[in-house]
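Here's the letter readout for the chains.
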Amino acid sequence: MASPSKFKISCIQLAVSSDKSLNLQNAKNKILEASKNGAKLVVLPECFNSTYGVQYFDRFAECIPNGESVKTLSAAAKEANVYLIGGSIPEREEPSGKLYNTCTVYDPEGNLIAKHRKVHLFDIDIPGKITFQESATLNSGNSLTCFDTEYGKIGVGICYDIRFPEMAMIAARRGCIAMVYPGAFNLTTGPLHWELLQRARAVDNQFYVATCSPARDTSASYIAWGYSTIVDPNGQILATTDHKEDIIYADIDLEHLKTVRQSIPIYNQRRFDLYPNVAENFKE
């Protein structure tokens, strides 16, 4: 049987509290809602199960695959019959005890099929605006991640990873049709670069880009920007929202992707005699 040429993706902009059980139940309900509305690939936000902040990572950390969040996501993916990109959770590695910001991915049978540890940690200092240092608590991942579906290969990054174009370039050149970033930009970096970076990654690589943020909580110590978005291979915004809890949907159309790449054939026009191919020595 031929693979479908079009499928629906949804990004769940979840309202996240300090109550992990409540967050997990809310996430499961929204995953089922997205499935009932036709989504075949569902995305959750960065740190969807816990409050985001260096002071919280240790408290909410779980081991993978035996933690409460993984079990909930696995069951939800199976019940909803969807591919599920489970945002991210604070992960505690055994036996080292090291902490990571980790995304887990599930197939429609609920199997854990991929795990991405955030490669680029969010260490920034914008004078008078925001200072944040994930590396004070977290360790960085050391591999790039993509996974296969019946529709095509999907790449995964987490939040700050989107600022590093090499990740998306390698994903595209390894055959990915989309790059998905659970993320939580803030009220400073959000209006500056959130949309710009998504559209840039999409245009540069001629594939779909989706981002999924937590909803904004102005009482939190770290306030997320929101505005989860889905962008097509031409850099056009297909779906977005504001800062409140919401679910957005869009079609990933493989025929459209093919047309974009044929119309502006940059894949055949790169000059690797003048500059290196960043994907050349990549090993999965």
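As annotated in an unreviewed UniProt entry, the chain is 7272_t:CDS:1 from Acaulospora morrowiae. What the UniProt record of the chain gives under Sequence similarities (unreviewed entry) is the line "Belongs to the carbon-nitrogen hydrolase superfamily. NIT1/NIT2 family."

Right, let's talk about the sheet that holds strand 9 (residues 145–148) for a bit. One open sheet accounts for six strands, arranged 9-10-11-12-13-14; its pairing is mixed. In the strand order of this sheet, the two ends are held by strand 9 and strand 14 (237–240), each with one partner. Strand-to-strand twist across the sheet, computed as the mean angle between neighbouring axes with direction ignored, equals 15°. As paired elements, strand 9 and strand 10 (residues 153–156) share four bridges and run antiparallel to each other. Note that in strand 10 the partner of F147 across the bridge is I154. In this fold helix 4 (residues 165–173) packs onto strand 10 and strand 11 (176–182), with an angle of close to 150° to the strand it touches most, strand 11.

Glancing now at empty space enclosed by the protein. The full count for this structure, using the stated rule, is two cavities of 30 Å³ or more. Computed from the structure, the largest cavity encloses a volume of approximately 70 Å³. Forming the walls of the largest cavity are L144, T145, C146, V156, M167, I170, A171, R174, M179 and F282. No other element matches the three residues that helix 4 contributes to the lining of the largest cavity. Looking at the lining of the largest cavity, its residues break down into eight nonpolar, one polar and one charged. The calculated volume of the second largest cavity comes to roughly 40 Å³. The wall of the second largest cavity is formed by F122, C159, Y160, R163, A184, F185, N186, T189 and Y222.

Moving on to the nonpolar core. Ranked by internal contacts, the top residues of the largest apolar core, which has 46 residues, are I85 and F207. The element best represented in this core is strand 11, accounting for six residues.

Moving on, we come to the UniProt feature "domain: CN hydrolase" (unreviewed entry) in the chain. Look at the UniProt record and you will see "domain: CN hydrolase" (unreviewed entry) annotated at residues 7–254. Annotated as 25% helix and 30% strand, the span residues 7–254 places its first and last C-alpha atoms 9 Å apart.

As judged from the three bridges shared by strand 13 (residues 229–231) and strand 14, these two strands associate in the antiparallel manner. Opposite I230, over in strand 14, you have A239 as the bridge partner. The turn joining strand 13 and strand 14, which pair antiparallel and follow one another in sequence, is formed by five residues; a positive phi near 80° is taken by G235.

Tallying each qualifying case throughout the model produces 15 salt bridges. With a closest N to O distance of 3.6 Å, E245 and K30 form a salt bridge. Of this pair, E245 sits in the loop between strand 14 and strand 15 (246–253) while K30 sits in helix 1 (residues 20–36); the two residues are 215 residues apart in sequence, bridging distant segments of the chain. R271 is the partner of D273 in a salt bridge, and the nearest nitrogen-oxygen pair spans 2.7 Å. For D273, a relative accessible area of 55% corresponds to the exposed category. R271 gets classed as partly exposed once you look at its relative accessible area, which sits at 41%. When salt bridges that share partners are traced, they join E91, E93, K115 and R117 into one network.

With that settled, consider helix 1. Between the first and last C-alpha of helix 1 there are 25 Å, a value that for 17 residues agrees with the 24 Å anticipated at 1.5 Å per step. Taken residue by residue, helix 1 has K20, N23, L24, N26, A27, K30, I31, L32 and A34 as its buried positions. In this structure, the buried side of helix 1 is in contact with strand 1 (6–13), strand 2 (41–43), helix 2 (57–60), helix 3 (68–80), strand 3 (83–85) and strand 15. The distance from a side-chain oxygen at the start of helix 1 to the backbone nitrogen of S21 is 3.1 Å, and the residue carrying that oxygen is D19. Just downstream of helix 1 lies G38, where phi reads positive at about 100°.

About the criteria used
Residues numbered from 1 in each chain as written. Predicted model: local features only at pLDDT ≥ 70, side-chain atom pairs only at ≥ 80, totals over all residues. Heavy atoms only, no water. UniProt positions renumbered as here; feature names shortened; annotations may be inferred. Pairing = 2+ DSSP bridges. Helix = DSSP H or I, 4+ residues; strand = E, 2+ residues; numbered from the N terminus. Axes fitted to C-alpha atoms, helices over the stretch in contact; angles between N-to-C directions. Contact = heavy atoms within 4.5 Å. 1 Å grid on protein atoms, 1.4 Å probe; cavity = no way out; pocket = protein on both sides within 12 Å on 5 of 7 lines; lining within 4 Å. Points joined across faces, edges and corners; volume = space filled by probe spheres on them. Nonpolar A, V, L, I, M, F, W, Y, C, P; charged D, E, K, R; others polar. Core = buried A, V, L, I, M, F, W, Y, C linked by side-chain atoms within 4.5 Å. Buried < 20%, exposed > 50% of the residue type's maximum accessible area, 1.4 Å probe, protein only. Salt bridge = Lys/Arg side-chain N within 4 Å of Asp/Glu carboxyl O. Expected span 1.5 Å × (residues − 1). Polar contact = N/O pair within 3.5 Å; in protein donor to acceptor, adjacent residues only side chain to side chain.

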